[in-house]
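# Results of the structural survey
Here are the chains, one letter per residue:
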Amino acid sequence: MANVIKLHKGLDIHLQGKAEETLIRLKSNGKYALVPDDFEGVTPKVVVKEGDTVKAGDALFINKQYPEVKFASPVSGKVCEVVRGERRKVLCIRVDADGQQSYVDFGKKDVAQLNGEQVIEALLEAGIFGYINQLPYAVSTNPSVMPKAIFVSALRDKPLAASFDYEVKGQEQDFQTGLTALSKIAKTYLGLGIGSALEGVKDVEVNVFDGKCPAGNVGVQVNHVDPVNKGEVVWTIGDPTVVLFIGRLFNTGRVDLRRRVALCGSEVKSPAYVDMLVGEELSTLLSNSYDDSHPVRIINGNVLTGRPTTKDGYLGAHTSEITVIPEGSDADEMLGWIMPRFSQFSVNRSYFSWLFGKKSYALDARIKGGERHIIMSGEYDKVLPMDIYGEYLIKAIITGDIDRQEALGIYEVAPEDFALAEFVDSSKLELQRIVREGLNILRKENA
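Overview of the structure. The structure displayed is predicted, hence computed values, not measured ones.

## So, the nonpolar core
One recurring pattern in soluble globular proteins: nonpolar side chains tend to sit buried together. Counting 66 residues, the largest nonpolar core has Tyr-131, Phe-175 and Leu-190 as its most contacted members. Per-element tally for this core: the top contributor is helix H5 (residues 241-252), with seven residues. Dropping the residues within four chain positions of it, Leu-190 is found in contact with Val-152, Ala-154, Phe-175, Leu-179, Leu-198, Val-201, Val-204, Glu-205, Val-206 and Asn-207. Within the second largest apolar cluster, 56 residues are counted, among which are Leu-304, Tyr-380, Val-383 and Ala-419.

Structure, rendered in structure tokens:
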């Protein structure tokens, strides 16, 4: 019987353009790229050269800090370019896919017969261990430090989020295999939403979270089930598709980085789902899918935590949505903020739209205001269902007070936990960036 945990804080933002549960078929243009920035905290060292031939599962780069952590190519083909930016930073490794795919054979394995060390070795060898993150610091994890627990969240509740229950249909065995493999390493907790079809899984402790966004954040779930104290480590998987990657590896002996992605947003003509590989170029998916006669914002991910991209971008390693919304740069509102704004969303009832009850909005990417001094108004606490003082923690990070940060629970948070607080913030601060910089500084101090 699953434990039900009721959350009383949060905010659901209802947007137009949610993907219908229909699958569209696309033919890839054969261009792929693995982007190191998709793996937080990883300093990449490229282990291939331009012109090399690779199979799906061969390493393209490794983590310089932990060289045993490899990152596998999603396809077989020819390495056509190692793209670098300022100070020779590795931006991506591009691969042109073969017409007929070939795979590195890692061998099928019965996870029931493996121990935790053997599971970790298999994930490291196949180049998918780096998809597992950790708290503290919310970075790709260190394989040499064993966790006190592993947390998996299969609840996606951000605006326009893709349904994992739809993605996992027909792949339940792979998902169970992945969970069983993780349970060999440490006690594993699975977080689900109300009515999920996955409550019957085995080998893990299931917790059902009943509440508004961000109940699906793995950090929120850790905070309510088994909080992280200084000196402790938990491994986290906030992207449940990673469990499918793990399950497929043991069931087939191959690295299969296929995932089901929602093409969504108010600008998309026909929001639907598509199966893509990690690193696949987005141009095929986005061609003729939206009206480009006015400026739009293409987001690699969801509207709260995703990154801006273009048609020439690549599907992120943890991306389950490609979202297209109006940019808003061409908006021309008569009398501006003084109008009643019946079609605009407001948390604090600044607009008259709240009179219409629950409705979906076509919001654009404008911030609607400039950055100003932080206002201690309790805004963050209303949307942050964690046992921390969000505003005080942000002030401690800004001032660089490490002792205060530790006392206020920085080891328990990830930048995405402050995404909703950033949305409602009257001060217009980039809270996710502030939290990430604070975590990076703390990580260096404690190294």
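What follows continues from the structure just given.
## Some words on the side chain of Gln-221
One can find Gln-221 in helix H4 (residues 218-225). For Gln-221, the side chain forms a polar contact with the main-chain oxygen of Ala-215, separated by 3.2 Å. Residues in contact with Gln-221, not counting those within four places in the same chain, are Phe-151, Val-152, Ser-153, Leu-155, Gly-191, Phe-209, Ala-215 and Gly-216.

## Re the sheet that holds strand E2 (residues 23-24)
Reading across from one edge, E2-E17-E16-E20-E18-E19 is the order of the six strands in this open sheet, with mixed pairing throughout. Looking at strand neighbours, the two that pair on one side only are E2 and strand E19 (307-309), the edges of this open sheet. Two strands pair when backbone bridges link them, and strand E16 (residues 258-264) and strand E17 (residues 272-277) are joined in this way by six bridges, in the antiparallel orientation. Each residue of the ladder has a partner; that of Arg-260, found in E17, is Asp-275.

## Considerations on the packing of aromatic side chains
Applying the stated criterion across every chain yields a total of 11 aromatic pairs. Seen in terms of ring centroids, Tyr-389 and Tyr-392 are 6.1 Å apart; in terms of plane orientation they differ by 85°. Their pairing is edge-to-face. Given the relative accessible area of 43%, Tyr-392 is considered partly exposed. Through successive ring pairs, a cluster of aromatic residues spans Phe-39, Phe-61, Phe-71, Tyr-131 and Phe-245. When the ring centre of Tyr-166 is taken as reference, the NZ or CZ atom of Arg-260 above it lies at 5.1 Å.

Procedures and definitions
- Residues numbered from 1 in each chain as written.
- Predicted model: local features only at pLDDT ≥ 70, side-chain atom pairs only at ≥ 80, totals over all residues.
- Heavy atoms only, no water.
- Core = buried A, V, L, I, M, F, W, Y, C linked by side-chain atoms within 4.5 Å.
- Buried < 20%, exposed > 50% of the residue type's maximum accessible area, 1.4 Å probe, protein only.
- Helix = DSSP H or I, 4+ residues; strand = E, 2+ residues; numbered from the N terminus.
- Contact = heavy atoms within 4.5 Å.
- Polar contact = N/O pair within 3.5 Å; in protein donor to acceptor, adjacent residues only side chain to side chain.
- Pairing = 2+ DSSP bridges.
- Phe/Tyr/Trp six-rings, centres within 6.5 Å; stacked < 30°, edge-to-face > 60°.
- Lys NZ or Arg CZ within 6 Å of the ring centre and 35° of its normal.

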